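Okay, here's what each chain looks like letter by letter:
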Amino acid sequence: MNPQGALFFLLDFVFSAYIFIVLTRFVLQLARADFYNPISQFVLKATNPLLKPLRRVIPGYGGLDIAALVLVVVLIILKTVILLSIQVGGFPSGIGAALVLHALRELASLILNYVFWTVLIRVLLSWVAPDPYSPVVRVIVQITEPIMAPVRKLLPPMGGFDLSPLFVLLGIQLLQILFQLH
């Protein structure tokens, strides 16, 4: 029996899920997605308790929800501190700067992975021709279209094939390799 491992797993899952939801809110605002969509409404209600007070202190800038990004970084740091404390039996001193650097690298990695998986899901959905009015499909299209449309404009016509997802996915992988975010 491993209660410490179970606690580690549960805390990791809870923090990761909430970080994903806050990051989703940031991405939805960045993509100017429809906030009347049921998925968007869930994200709003789940993130408002922590984001509303934070927004009083940290305003947005240039259409970016800086408070959401700060919250993600704080949650990553908190998750790392708690999980490290469970694993090692305490918190090592003198790792403050390394912790912030870790959180920023983790944020960049999360954003790139988020976009990668969203584009990949959109590609898979295009193969099964889902209901275009489905809330999930609409949100995925709204999130990926601002990234794929500029790439699509650069590519010559390919006889009805849209190769923009391929180039977006390759670009994300290239960024992850260049900045060693794997």
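For the structure itself, consult the block above.
What comes next is a walk through the structure.

**A look at the overall build of the chain**
Scanning the chain for helices and strands turns up 6 helices and 0 strands. Moving toward the C terminus, one meets the helices and strands of the chain in the order α-α-α-α-α-α. The principal-axis extents of the C-alpha atoms in the chain amount to approximately 60 × 40 × 35 Å. Residues classed as buried in the chain amount to 32% of the 182 residues present. Taking all contacts inside the chain whose residues are at least 6 apart in sequence as the whole, residues at least 24 apart take part in 61%.

**Brief notes about the packing of helix α4 (residues 96–128) against helix α6 (residues 164–178)**
Following both chains from N to C, one finds α4 and α6 inclined at 160°, their axes separated by 10 Å at the closest point. In terms of their interaxial angle, α4 and α6 are classed as roughly antiparallel. The interaxial crossing formed by α4 with α6 has left-handed handedness. Here Ser109, Leu112, Asn113, Val115, Phe116, Val119, Leu120 and Val123 of α4 come into contact with α6, specifically with Pro165, Val168, Leu169, Ile172, Gln173, Leu175 and Gln176.

**What about the packing of aromatic side chains?**
In this structure the tally under the stated criterion is 2 aromatic pairs. Relative to Trp117, the ring of Phe116 lies with its centre 5.6 Å away and its plane at 85°, an arrangement referred to as edge-to-face. A relative accessible area of 14% means that Phe116 is categorised as buried.

**Overview of the pattern of salt bridges**
When the charged atoms of two side chains lie near each other, side chains of opposite charge can form a pair. Inspection of the entire model under this criterion finds 5 salt bridges. With a shortest N-O distance of 2.9 Å, Glu145 and Arg122 are connected by a salt bridge. Of this pair, Glu145 sits in helix α5 (residues 135–154) while Arg122 sits in helix α4, placing them 23 residues apart in sequence. Here Glu145 falls in the partly exposed class, since its relative accessible area comes to 25%. Connected through salt bridges with shared partners, the residues Arg122, Glu145, Arg152 and Asp162 form a single ionic network.

**Concerning the nonpolar core**
Ranked by internal contacts, the top residues of the largest apolar core, which has 26 residues, are Val22, Leu75 and Leu107. Of all elements in the fold, only α1 (3–30), α2 (38–57), α3 (66–88), α4 and α5 reach the threshold of two or more residues within this core. Examining the composition of this core, we find that 9 residues originate from one element, α1, more than from any other. Beyond its immediate chain neighbours, meaning those up to four positions away, Val22 contacts Thr47, Ala68, Leu71, Val72 and Leu75.

**Describing the side chain of Arg25**
One can find Arg25 in helix α1. Although Arg25 is buried, it makes no salt bridge; Asp65 carries the closest opposite charge, 4.5 Å away. Within the structure, Arg25 has its side chain in polar contact with the backbone oxygen of Leu44 (distance 3.5 Å). In contact with Arg25, other than residues within four places in its own chain, are Val43, Leu44, Thr47, Asn48, Leu51, Arg55 and Asp65.

**Here we look at α3**
Under the 1.5 Å per step criterion, the end-to-end length of α3 is 33 Å for 23 residues, consistent within 8% with the ideal 33 Å. Burial in α3 covers these residues: Ala67, Ala68, Leu69, Leu71, Val72, Val73, Leu75, Ile76, Lys79, Leu83 and Ile86. Those residues of α3 that are buried are in contact with α1, α2 and α4. Within two residues after α3, Gly89 carries a phi angle of roughly 85°, on the positive side.

The rules behind these values
Residues numbered from 1 in each chain as written. Predicted model: local features only at pLDDT ≥ 70, side-chain atom pairs only at ≥ 80, totals over all residues. Heavy atoms only, no water. Helix = DSSP H or I, 4+ residues; strand = E, 2+ residues; numbered from the N terminus. Buried < 20%, exposed > 50% of the residue type's maximum accessible area, 1.4 Å probe, protein only. Contact = heavy atoms within 4.5 Å. Axes fitted to C-alpha atoms, helices over the stretch in contact; angles between N-to-C directions. Parallel < 35°, antiparallel > 145°, perpendicular 65-115°, else oblique. Left-handed = near helix turned anticlockwise from the far one by under 90°. Phe/Tyr/Trp six-rings, centres within 6.5 Å; stacked < 30°, edge-to-face > 60°. Salt bridge = Lys/Arg side-chain N within 4 Å of Asp/Glu carboxyl O. Core = buried A, V, L, I, M, F, W, Y, C linked by side-chain atoms within 4.5 Å. Lys, Arg positive; Asp, Glu negative; His and termini not counted. Polar contact = N/O pair within 3.5 Å; in protein donor to acceptor, adjacent residues only side chain to side chain. Expected span 1.5 Å × (residues − 1).

Honestly, it's all geometry; don't read function into it.
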